[in-house]
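So you can see what is in the structure, the chains are spelled out below.
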Amino acid sequence: MNTRDFIELAESRSAHNYHPLPVVIASAEGAWVVDVEGKRYLDCLAGYSSLNFGHGNPEILAAARAQLDRLTLTSRAFYHDQFAAFADGLTDLCGKDMILPMNTGAEAVETAIKVARKWGHEVKGIREPNIIVMEDNFHGRTTTIVSFSTDPDARDGYGPYTPGFTIVKYGSAEAIREAIDENTVAVLIEPVQGEAGVLLPPDGYLPQVREICTSAGILMIADEIQSGLGRTGMTFACDHEGVIPDMYVLGKALGGGIVPVSAVAANADVLGVIKPGQHGSTFGGNPLACAVGNAVIAILKRGEFQARARELGATLHDRLRALPGVVAVRGRGLWAGIDIDPSLASGRQVCESLMTKGVLAKDTHGSTIRLAPPLVITAEDLSWAIDQLAAVLGEFQARSPKL
Ligand SMILES: *Cc1c(COP(=O)(O)O)cnc(C)c1O
């Protein structure tokens, strides 16, 4: 089958809940993927940061392969020999007492919500716990999570909605202070809003959120599913401002690009509210997931990818800001949201043109594209990708009626 046949069959037999670029990937290594026709592309999306350590990372792959031959699934009805190391390693990485493992990011967010509510009921004696969330958030796709989305595509048509959330403006500490009442149990926040277009909060905001939560006696929950695990140049995006949330929500890169692995991490006074039978997952914390997770944690403890993201990220941001047709560049580390002059092209058009030049990236919201290559990318490849973006923007400018 050629590319068109693959796409036609896929589109006729699957729900149209995505609008993929017309490329059919067959293999990959490091930062590069190869399509069914043998064409190579530089992956500048990295599975929305699930592939921070690259496609087929040898260390993670070796751990997965060894585990595949030994033991893959037990359920949590029994212990298995990978679990203790995973829990120990991840609590150490997070500086927390305990973890609760799940699979997808949305499940980890649901877990955080359930834990916060239960903590509210049992520790604070609140009957109708409420959680403060941010405008333009992205926390996943479950019915409860889309209930507090402000994106009509994500939310509309899925009611009735789960109550118990108050939405405030991202970046305003005052808005949080005003929203807190006797029912508030937590603030759920992305330290960088990835899906919204790689939006950084104003300097000093995250420490203020921390301070507000501490003085109100409520939980600060950081969704670091996309921002965490090296992407921004630190282990957690909260680290940039020295902020320690009460609960980390992790996913994506925790699975090493191999299997879905997610978790929440918190201290015992919070996670301890969950007792046997009160929450769980058949696959959460399975042996293969833990073996992969252990390899990821070992990599993160060495810090080499955090350093790469910092160093390459500095070049990335400097060069992007100098490109013609770019209105704004946001981000941190190897993560950039780039607003293109909307009179030049849509984000989708830019991504389609980039694809023909051998770079895969993803648009978000109109004329914004984001670049988030695997952190294994070389400086040369990164520079080449930016050259391709410069060429694409140059071509759109040459075609623009304004000139
Ligand atoms: C991707 C993402 C999620 C949801 O993760 P899934 O694995 O797709 O369920 C939640 N929060 C953030 C910040 C994300 O980027």
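Note that the coordinates shown come from a computational prediction; the quantities given were computed from them, not determined experimentally.

Take the nonpolar core next. L90, L254, L320, I338, V350 and L389 are the most contacted members of the largest nonpolar core, which has 68 residues in total. Tallying contributions element by element places helix α11 (residues 287–302) first for this core, with nine residues. Viewed by domain, this core spans two of them, domain 1 (3–56 + 304–399) and domain 2 (58–302), each represented by three or more residues. Beyond its immediate sequence surroundings of up to four residues, L254 is in contact with F86, L90, L229, V261, S262, A263, V292, G293 and V296. Of all hydrophobic cores here, the second largest spans 30 residues; its members include L100, V133, I221 and M247.

To continue, consider the site of the ligand. Around the ligand, a shell composed of T104, G105, A106, F138, H139, G140, E190, D223, I225, Q226 and K252 is seen. Between the ligand and F138, the relevant distance is 3.3 Å, taken from a nitrogen atom to a main-chain nitrogen or oxygen of the residue. Here the ligand has 380 Å² of accessible area as a free molecule, and 81% of this is covered by the chains. For the shell around the ligand, the class distribution of residues is three nonpolar, five polar and three charged.

This brings us to the domain arrangement of the chain. Here the chain is described as being made up of domain 1 (3–56 + 304–399) and domain 2 (58–302). Every contact between the two is made by 30 residues of domain 1 and, on the other side, 32 residues of domain 2. Both sides of the domain 1 and domain 2 interface together cover about 2600 Å² of buried area, and 56% of this is carbon and sulfur. Contact with domain 2 buries area across many residues of domain 1, yet F53, R332 and W335 alone supply 31% of it, more than any other trio. Summed over the shared surface of domain 1 and domain 2, the number is two salt bridges. Among the ionic pairs, E304 bridges to R302, the shortest N-O distance being 2.7 Å. At the junction of domain 1 and domain 2, the tally comes to 16 residue pairs in polar contact (both at pLDDT 80 or more). Elements that contribute at least two residues to the side of domain 1 that touches domain 2 include exactly α2 (46–49), α12 (304–321), β11 (326–331), β12 (336–340) and β15 (368–371).

Rules of the game
Residues numbered from 1 in each chain as written. Predicted model: local features only at pLDDT ≥ 70, side-chain atom pairs only at ≥ 80, totals over all residues. Heavy atoms only, no water. Core = buried A, V, L, I, M, F, W, Y, C linked by side-chain atoms within 4.5 Å. Buried < 20%, exposed > 50% of the residue type's maximum accessible area, 1.4 Å probe, protein only. Helix = DSSP H or I, 4+ residues; strand = E, 2+ residues; numbered from the N terminus. Domains from an automatic or database assignment. Contact = heavy atoms within 4.5 Å. Near = heavy atom within 4 Å. Polar contact = N/O pair within 3.5 Å; in protein donor to acceptor, adjacent residues only side chain to side chain. Areas by Shrake-Rupley, 256 points an atom, 1.4 Å probe, with all protein chains shown as cover. Nonpolar A, V, L, I, M, F, W, Y, C, P; charged D, E, K, R; others polar. Buried area = accessible area lost by both parts, 1.4 Å probe. Salt bridge = Lys/Arg side-chain N within 4 Å of Asp/Glu carboxyl O.

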